[in-house]
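# Descriptive analysis of the structure
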Amino acid sequence: MSSTDTRERARRGEGAALRDELLDAAEALLIEKGSMDSVSIRAIVDAVGVTPPSMYLHFDDKDDLFFDVCSRRFEDFHGVLAAAIEGIEDPVERLRALGRAYVTYGVERAEHYQILFAPHHHSVVKGRDLTDGPGMQAFGLLVTTIQDGIDAGVLRECDPYQATMAIWAGVHGAVMISAMSVAEEGGPEVPDAEAFGAGVCDMLLEGLIAR
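These remarks concern the structure in this document. (Residues numbered from 1 in each chain as written. Predicted model: local features only at pLDDT ≥ 70, side-chain atom pairs only at ≥ 80, totals over all residues. Heavy atoms only, no water.)

### Quick word on the overall build of the chain
When you go through the chain residue by residue, the secondary structure sums to eleven helices and zero strands. When the elements of the chain are put in sequence order from the N terminus, they spell out α-α-α-α-α-α-α-α-α-α-α. A total of 211 residues make up the chain; the buried ones form 41% of that total. Considering only contacts in the chain between residues 6 or more positions apart, those separated by 24 or more positions represent 68%. Put simply, the chain shows about 11,300 Å² of open surface, and 52% of that area lies on carbon and sulfur atoms. (Helix = DSSP H or I, 4+ residues; strand = E, 2+ residues; numbered from the N terminus. Buried < 20%, exposed > 50% of the residue type's maximum accessible area, 1.4 Å probe, protein only. Contact = heavy atoms within 4.5 Å. Areas by Shrake-Rupley, 256 points an atom, 1.4 Å probe, with all protein chains shown as cover.)

Quick look at the structure:
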């Protein structure tokens, strides 16, 4: 039996390996084309070497496939943020670490970051329950850290959800500015991502630290 026969038989088995291959192909095409609308089901299955019915054994439709592409990246993103604050007890230092990790991820993994927050993401999540999803888990790290800071008296009394939204907006903006400085010659000069993330987070924290 040739290696080609073995690989083809594995695909016909419709196991987890094929599902991962479909996700990899969809993500690669999304990065290449820049838009979910520009990626067809035919292009995805052709890249893997199967037919559309094989894909529909694993995903209901294209939105379902791209939802899992986004979810997989959010799992990765959440893991990076969680690792950045491991062992840090001080809520203020945890927030700084989250800011640095967030900006570094956004700049060093710009293609993956675009998958998380590009406009196509809103269309694939519409109508889905995201309560326990990896995206909300990543968001929850900020909410929990801010609540811990309030409870410890090091952060002022505020709505932790609204404060998280404000910090997220600021740090997301830092990623966008950093990305422009990398992608566009002559754009605004930005220091390295880690220092920039720390600086942005420091400025945002000034409004939260208890006096």
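### As for the layout of surface pockets
Counted as a void, the largest pocket has a volume near 670 Å³. For the largest pocket, the lining is made up of 29 residues, of which F74, F117, G135, M136 and F139 are closest to its centre. Those elements giving two or more residues to the lining of the largest pocket turn out to be α5 (62-84), α6 (91-108), α8 (120-125), α9 (134-152) and α10 (160-183). Counted by class, the lining of the largest pocket contains 22 nonpolar, six polar and one charged residues. (1 Å grid on protein atoms, 1.4 Å probe; cavity = no way out; pocket = protein on both sides within 12 Å on 5 of 7 lines; lining within 4 Å. Points joined across faces, edges and corners; volume = space filled by probe spheres on them. Nonpolar A, V, L, I, M, F, W, Y, C, P; charged D, E, K, R; others polar.)

### A look at the nonpolar core
Counting residues in hydrophobic clusters, the biggest one holds 31 residues, and the most contacted among them are F77, L81, L95, I146 and L155. At the level of elements, α5, α6, α7 (110-117), α9, α10 and α11 (193-206) are the ones that each hand at least two residues to this core. Among the elements that line this core, the one with the most residues is α6, at eight residues. In this structure, F77 is in contact with Y102, Y105, L116, F117 and A138, ignoring residues within four places of it in sequence. Listed in part, the 24 residues of the second largest apolar core include L29, M36, V39 and M55. (Core = buried A, V, L, I, M, F, W, Y, C linked by side-chain atoms within 4.5 Å.)

### Focus: the side chain of E27
Of note, E27 is situated in helix α2 (residues 16-33). For E27, a relative accessible area of 8% gives the class buried.

### Considerations on the packing of α2 against α5
In contact at an axis separation of 9 Å, α2 and α5 are set at 85 degrees when each is read in the N-to-C sense. Here α2 lies roughly perpendicular to α5, going by the angle between them. Packed against α2, whose contacting residues are R19, D20, L22, L23, D24, A26, E27 and L30, the element α5 presents L65, F66, D68, V69, R72 and R73 at the interface. Of the residues assigned to the contact of α2 with α5, the class counts are seven nonpolar, no polar and seven charged. (Axes fitted to C-alpha atoms, helices over the stretch in contact; angles between N-to-C directions. Parallel < 35°, antiparallel > 145°, perpendicular 65-115°, else oblique.)

### Re the packing of α2 against α7
With their axes 10 Å apart at the nearest point, α2 and α7 run at an angle of 95 degrees to one another. Taken as axis vectors, α2 and α7 run roughly perpendicular relative to one another. In this structure, α2 contributes E27, L30 and I31 to the contact, and α7 contributes E111, H112 and I115. A class-by-class count of the residues in the contact of α2 with α7 yields three nonpolar, one polar and two charged.

### As for the packing of aromatic side chains
Centre-to-centre distance and the angle between the planes together describe a pair of aromatic rings. Evaluated as defined, the whole model comprises nine aromatic pairs. Here the aromatic residues F74, F77, Y102, Y105, Y113, F117 and W168 are joined through ring pairs into a cluster of three or more. (Phe/Tyr/Trp six-rings, centres within 6.5 Å; stacked < 30°, edge-to-face > 60°.)

### What about the pattern of salt bridges?
Tallied over the full model, the rule gives ten salt bridges. Put simply, D24 and R72 hold a salt bridge, and the shortest N to O gap is 2.9 Å. In this pair, D24 sits in helix α2 while R72 sits in helix α5, placing the two residues 48 residues apart along the sequence. For D24, a relative accessible area of 42% puts it in the partly exposed group. Linking R96 and E93 is a salt bridge whose minimum nitrogen-to-oxygen distance equals 2.6 Å. You can see R96 and its partner E93 sitting in helix α6, three residues apart, about one turn around the helix. (Salt bridge = Lys/Arg side-chain N within 4 Å of Asp/Glu carboxyl O.)

Coordinates in, geometry out; function isn't part of it.
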